[in-house]
Amino acid sequence: MKLWEKGIGTDKKIDHFTVGNDREWDLHLAKFDVMASKAHAKMLGEIGLLTSVEVQQLLKELDAIALAIENGSFTIEDSFEDMHSKIEFILTEKLGDTGKKIHTARSRNDQVLVAMHLYLKTELGEIKILTHSLFEVLMHLAEAHKDSLLPGYTHLQIAMPSSFGLWFSAYAESLVDDLYFLEAAHKVADQNPLGSAAGYGSSFPIDRSYTTKELGFETMKYNVVAAQMGRGKTEKAVAFAVSSIAATLSKLAMDLCLYLSQNFNFVSFPDTLTTGSSIMPHKKNPDVFELVRAKCNLLQGVPNQLGLITNNLPSGYHRDLQLTKELIVPAIEEMKACLEIMAFSLKQIKINASILDDPKYDYLFSVDTLNELVLGGMPFRDAYKKMGKEIESGTFNPKRNIAHTHEGSLGNLCLPEIREKMRQVMAT
Ligand code: ARG
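Criteria and thresholds
- Residues numbered from 1 in each chain as written.
- Predicted model: local features only at pLDDT ≥ 70, side-chain atom pairs only at ≥ 80, totals over all residues.
- Heavy atoms only, no water.
- Phe/Tyr/Trp six-rings, centres within 6.5 Å; stacked < 30°, edge-to-face > 60°.
- Helix = DSSP H or I, 4+ residues; strand = E, 2+ residues; numbered from the N terminus.
- Buried < 20%, exposed > 50% of the residue type's maximum accessible area, 1.4 Å probe, protein only.
- Lys NZ or Arg CZ within 6 Å of the ring centre and 35° of its normal.
- Polar contact = N/O pair within 3.5 Å; in protein donor to acceptor, adjacent residues only side chain to side chain.
- Contact = heavy atoms within 4.5 Å.
- Expected span 1.5 Å × (residues − 1).
- Bend = angle between axes of the 7 residues up to and from the residue.
- Near = heavy atom within 4 Å.
- Areas by Shrake-Rupley, 256 points an atom, 1.4 Å probe, with all protein chains shown as cover.
- Nonpolar A, V, L, I, M, F, W, Y, C, P; charged D, E, K, R; others polar.

Trainee: I'm lost on the packing of aromatic side chains in this one. Help?
Mentor: Each aromatic ring pair is specified by the distance between its two centres and by the angle formed by the two planes. According to the stated counting rule, one finds 15 aromatic pairs in the structure shown. Look at Phe32 and Tyr119: their rings are 6.1 Å apart centre to centre, the planes differ by 70°, and that puts the pair in the edge-to-face class. Here Phe32 is found in helix α2 (residues 22-46), whereas its partner Tyr119 is found in helix α6 (residues 108-144), with 87 residues between them in sequence. Taking relative accessible area as the criterion, Phe32 reaches 5% and is therefore assigned buried. Assessed through its relative accessible area of 1%, Tyr119 is described here as buried. Taking 5.7 Å as the distance between ring centres and 35° as the angle between the ring planes, the aromatic pair formed by Tyr363 and Phe396 counts as tilted. You can see Tyr363 sitting in the loop between β6 (350-351) and α13 (366-375) and its partner Phe396 sitting in the loop between α14 (380-393) and α15 (415-427), a full 33 residues away along the chain. On the basis of relative accessible area, Phe396 is assigned to the buried category, the value being 11%. An aromatic cluster of three or more residues is present, and its members are Tyr153, Phe164, Trp167, Phe168, Tyr171, Tyr259, Phe264, Phe266 and Tyr361. The ring of Tyr384 is capped by Arg381, whose NZ or CZ atom sits 4.8 Å from the centre of that ring.

Next comes the structure, spelled out in structure tokens:
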């Protein structure tokens, strides 16, 4: 039975098509739908549309539903269109007319909106914590291996000396940028859309400040039309933040695949982390990092996909918006899984500390060696030419012990400064 059914049923085929997998995604949101229903019920009590006894009864049953969701026994059977219908059904079954009153002054349109905002806020918090954990792993590695050198490349050609300290902390500092995007997405999600009802408000004197406070939102999305237009837009803000982290992770995964190759042999992982081949007995494949790379590349397409759903929709609610759930929920799950597996795997990385002993890396030091000449008084262009001739004639003698001292260079990683940036963004 549909909430809106008035005697004429919907064709089963239509029902199957319009609901699709929505019940599955609603299971991720149901806890937040209940949370918002509790705030809504209390507010209806405050403005006199429910008695205090009715409010108490509703809160008790909603708590029982929350418990069922928590322990996994809450289900949305095919006879229900969505979580909202199932929850209202349970309330009505338990409380009769009181259950039927919960939907006063709201619509599933603002119910799903508020549940999504609460869900996104929670998930952004989790992603932030996981990003921070990966940051910590990278920073520890940077500290531990700050003196181990690594070839730096441009055009994938040997360029200048880099170090494991520089490489690990580069990704750590990049994650700080990603958290700035995460913060922006959090700000967008931290606005209460409840009370916008179907998208145009209600003639009941509802108290939106009450539910805003009750649900812990920083502010409300005042304009009811803007609140409804936030559907898809809020998800896109989150997807952008996720995509930013994903870009960092896919590049790190790519570096790892490259560095793990026998032709590079810069890093290794214990056998428990690599996978074998069914035909080649010697293989230790970096499948984990290849999959992180692919998953994170796909994640960078999600803002686009959300845009494709929402572009060209006029203001107001449209059923198209239902599909935003099946993009954002799995994207969040994938992001968390990638962050977790990266932190887990990187903790076990082993680095090759003597890479640069190989004379093929001598030219990494050409710039540093010529800089010494410049410091000795030779103009840069003359020193460049002299060095070029020595390289051509095979008489180049690299000076390997030259210190890089400026901020952010391999001899001065500024790890405390990077940590401070992270501390600040974590405190917001
Ligand atoms: N499953 C729907 C969605 O996610 C819930 C809102 C339904 N509203 C409606 N007017 N049919 O968008």
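On we go.
Trainee: Hey, could you run me through the side chain of Gln191 in this one?
Mentor: Locating Gln191 in the fold gives a position in strand β3 (residues 191-192). Classification of Gln191 as buried rests on a relative accessible area of 18%. At a separation of 2.9 Å, a polar atom in the side chain of Gln191 contacts the main-chain carbonyl oxygen of Val188. Residues within four places of Gln191 in sequence aside, it is in contact with His117, Phe217, Thr219, Met220 and Lys221.

Trainee: Would you mind going over helix α9 (residues 224-260) with me for this structure?
Mentor: The end-to-end C-alpha distance of α9 is 54 Å, a good match for the 54 Å that 37 residues give at a rise of 1.5 Å each. Maximal helix bending in α9 amounts to about 50°, located at Arg231. Looking at where α9 begins, the residue whose side-chain oxygen comes 2.8 Å from the main-chain nitrogen of Val225 is Asn223.

Trainee: So what exactly am I meant to see when it comes to the site of the ligand here?
Mentor: In the region of the ligand, the neighbouring residues are Asp22, Arg108, Asn109, Val112, Arg231, Tyr317, Gln322 and Lys325. A distance of 2.9 Å separates a nitrogen atom of the ligand from a polar side-chain atom of Asn109. The side chain of Lys325 places a nitrogen or oxygen atom 3.1 Å from an oxygen atom of the ligand. With the chains in place, 86% of the 340 Å² that the ligand exposes on its own is no longer accessible. Among the elements that line the shell around the ligand, the one with the most residues is α6, at three residues. A per-class count over the shell around the ligand returns two nonpolar, two polar and four charged.

Trainee: Even after reading the chapter, I still don't get the environment of Pro398, so can you show me in this structure?
Mentor: For Pro398, the location among the structural elements is in the loop between α14 and α15. Owing to a relative accessible area of 16%, Pro398 belongs among the buried residues under this scheme. When the C-alpha atoms of Pro398 and Glu372 are compared, they prove to be 11 Å apart, with 26 residues separating the residues in sequence.

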